[in-house]
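Analysis of the macromolecular model
As a plain string of letters, each chain reads:
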Amino acid sequence: ADPPEVRSFQQSGRGLVSPRKMAVGAEVFRDTPLVAIQNLFSQRLTPCCLGCMAPVGSFRQLLQRILRNASQTLESDFPSVNDELLSQPTKRIAWPCPTPGCKMLFCSEACRERELQRGAHRLLCVELVDLPRLRKWAQFKALARQHHENLLLAAMAFAWAICQVKYHQMPLCR
């Protein structure tokens, strides 16, 4: 298959252009992010796996959490909702981080172990046991949430890169 070309467009800037016709809905590009964060408002509504961002918990739990944020409940505000629908099993139970006090969740044991071994969470949680450093990290997170959550994304990217060099033989220069 011919690779896409990078072209410049006066109205919209640079973009990728396929050298051949593609079907509507065809997958053009697939990639996995090195790090990702869920914004604070989204966390309040739907807990997601720290490793892959998949929602965790049962459909009933997710719906109850969303309604609770709107000061409503399934039982009192939506009594006719079908229990059969709400009791559908989910593949994504919540696997908590094993570090005491950490509230991060994972969608599976494999996702949790991958993040605890190879991901930013290894440095920003598992190995952050020194109380003064733990307090500094908590202060940084509070500052980032107050001013700009992308600071957290940058911190996670740095932690991921450090973890790759320190533990997984990634060379400093690529």
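So, here's what we can say about the structure. Note that the coordinates shown come from a computational prediction; the quantities given were computed from them, not determined experimentally. (Residues numbered from 1 in each chain as written. Predicted model: local features only at pLDDT ≥ 70, side-chain atom pairs only at ≥ 80, totals over all residues. Heavy atoms only, no water.)

When two helices pack together, you describe them by how their axes are tilted relative to each other and by the distance separating the axes. Running from N to C, helix H7 (residues 131-147) and helix H8 (residues 150-167) point in directions that differ by 140 degrees, and their axes come no closer than 7 Å. For the element pair H7 / H8, the angle class is oblique. Between H7 and H8, the residues in contact are Trp137, Phe140, Lys141, Ala144 and Arg145 and Leu151, Leu152 and Ala155, respectively. Looking at the contact of H7 with H8 residue by residue, the class counts come to 6 nonpolar, no polar and 2 charged. (Axes fitted to C-alpha atoms, helices over the stretch in contact; angles between N-to-C directions. Helix = DSSP H or I, 4+ residues; strand = E, 2+ residues; numbered from the N terminus. Parallel < 35°, antiparallel > 145°, perpendicular 65-115°, else oblique. Contact = heavy atoms within 4.5 Å. Nonpolar A, V, L, I, M, F, W, Y, C, P; charged D, E, K, R; others polar.)

Three or more residues of helix H5 (residues 109-118) are buried, namely Cys111, Arg112, Glu115 and Leu116. All buried residues of H5 fall inside an arc of 125 degrees around its axis, so they share one side. Among the structural elements, strand E3 (95-96), strand E4 (105-106) and helix H6 (120-126) are those in contact with the buried residues of H5. (Buried < 20%, exposed > 50% of the residue type's maximum accessible area, 1.4 Å probe, protein only. Arc of directions from axis to C-beta.)

Of note, Ser71 is a non-glycine position whose phi angle comes to about 55 degrees, a positive value. Tracing the chain through its elements places Ser71 in the loop between helix H2 (59-69) and helix H3 (74-77). The residue Gln169 is not glycine, and still its phi comes out positive at about 55 degrees. Relative to the assigned elements, Gln169 resides in the segment after H8. By relative accessible area, Gln169 is classed as exposed at 66%.

Turning our attention to the pattern of salt bridges. Pairs may arise between side chains of opposite charge once their charged atoms sit close together. One pass over the full model with this rule turns up 4 salt bridges. In this structure, Arg122 engages Glu127 in a salt bridge whose closest nitrogen and oxygen atoms are separated by 2.8 Å. A relative accessible area of 14% places Arg122 in the buried class. Overall, Glu127 belongs to the partly exposed group, its relative accessible area being 26%. (Salt bridge = Lys/Arg side-chain N within 4 Å of Asp/Glu carboxyl O.)

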